[in-house]
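# Architecture at a glance
Residues per chain are reported as follows:
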Amino acid sequence: MTDTDVQPPKIEFPCERYPIKVIGTAGDDFADLVIEVIQRHAPDLDASTLVMRDSRNGNFLSVQVLITATSVEQLQAIHVDLRATGRVHMVL
């Protein structure tokens, strides 16, 4: 088996406590922006699960939240909307 044959694990929906980690340009409002975008697609987002980490030089900020993922389409929409902000560099 080669690396190209390995398939990511299938997610069973709904998937509670699904982590979404967003890395972007640091700023006072970055976490609020991430929460706002994700709540459009996951209104039950619990903001108390938010974990933030600054990069070593403070240029970037990572924001992680837990949601109840309901479908692949929901996760794709979150990814597209986060990237559309222009401040997000990576969504994991």
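Everything here concerns the structure above.
Before going into details, it helps to say that this report is about the structure given with it. (Residues numbered from 1 in each chain as written. Predicted model: local features only at pLDDT ≥ 70, side-chain atom pairs only at ≥ 80, totals over all residues. Heavy atoms only, no water.)

Two elements in contact, helix α1 (residues 30-41) and helix α2 (residues 72-84), have axes separated by 9 Å at closest approach and are oriented at 150°. Between α1 and α2, the angle is such that the two are roughly antiparallel. In the crossing of α1 with α2, the sense of the turn from one axis to the other is right-handed. Only Gln-74, Ala-77, Ile-78, Asp-81 and Leu-82 of α2 make contact with α1, whose side of the interface consists of Val-34, Val-37, Ile-38, Arg-40 and His-41. In terms of residue class, the contact of α1 with α2 is made up of 6 nonpolar, 2 polar and 2 charged. (Axes fitted to C-alpha atoms, helices over the stretch in contact; angles between N-to-C directions. Helix = DSSP H or I, 4+ residues; strand = E, 2+ residues; numbered from the N terminus. Parallel < 35°, antiparallel > 145°, perpendicular 65-115°, else oblique. Left-handed = near helix turned anticlockwise from the far one by under 90°. Contact = heavy atoms within 4.5 Å. Nonpolar A, V, L, I, M, F, W, Y, C, P; charged D, E, K, R; others polar.)

Further remarks concern α2. Look at α2: 18 Å from first C-alpha to last across 13 residues, which is about the 18 Å you get at 1.5 Å a residue. Where α2 is buried, its residues touch β1 (15-25), α1, β3 (60-69) and β4 (88-91). Looking one or two places after α2, you find Gly-86, whose phi comes out positive at around 85°. (Expected span 1.5 Å × (residues − 1).)

Turning to the side chain of Gln-74, a few remarks are in order. Inspection of the secondary structure puts Gln-74 in helix α2. In this view, Gln-74 contacts His-41, Ala-42, Ile-67, Thr-68 and Ala-69; residues no more than four positions away in its chain are not counted.

Time to look at the environment of Leu-33. Relative to the elements of secondary structure, Leu-33 occurs in helix α1. A C-alpha to C-alpha distance of 12 Å links Leu-33 and Ala-84, two positions 51 residues apart in sequence. Not counting residues up to four positions away in its chain, the partners in contact with Leu-33 are Thr-85 and Arg-87.

With respect to the element layout, Arg-53 can be found in strand β2 (residues 51-54). Note on Arg-53: relative accessible area 52%, which makes it exposed. Sequence separation between Arg-53 and His-79 is 26 residues; the distance between their C-alpha atoms is 20 Å. Ignoring sequence-local partners within four residues, the contact set of Arg-53 consists of Phe-60, Leu-61 and Ser-62. (Buried < 20%, exposed > 50% of the residue type's maximum accessible area, 1.4 Å probe, protein only.)

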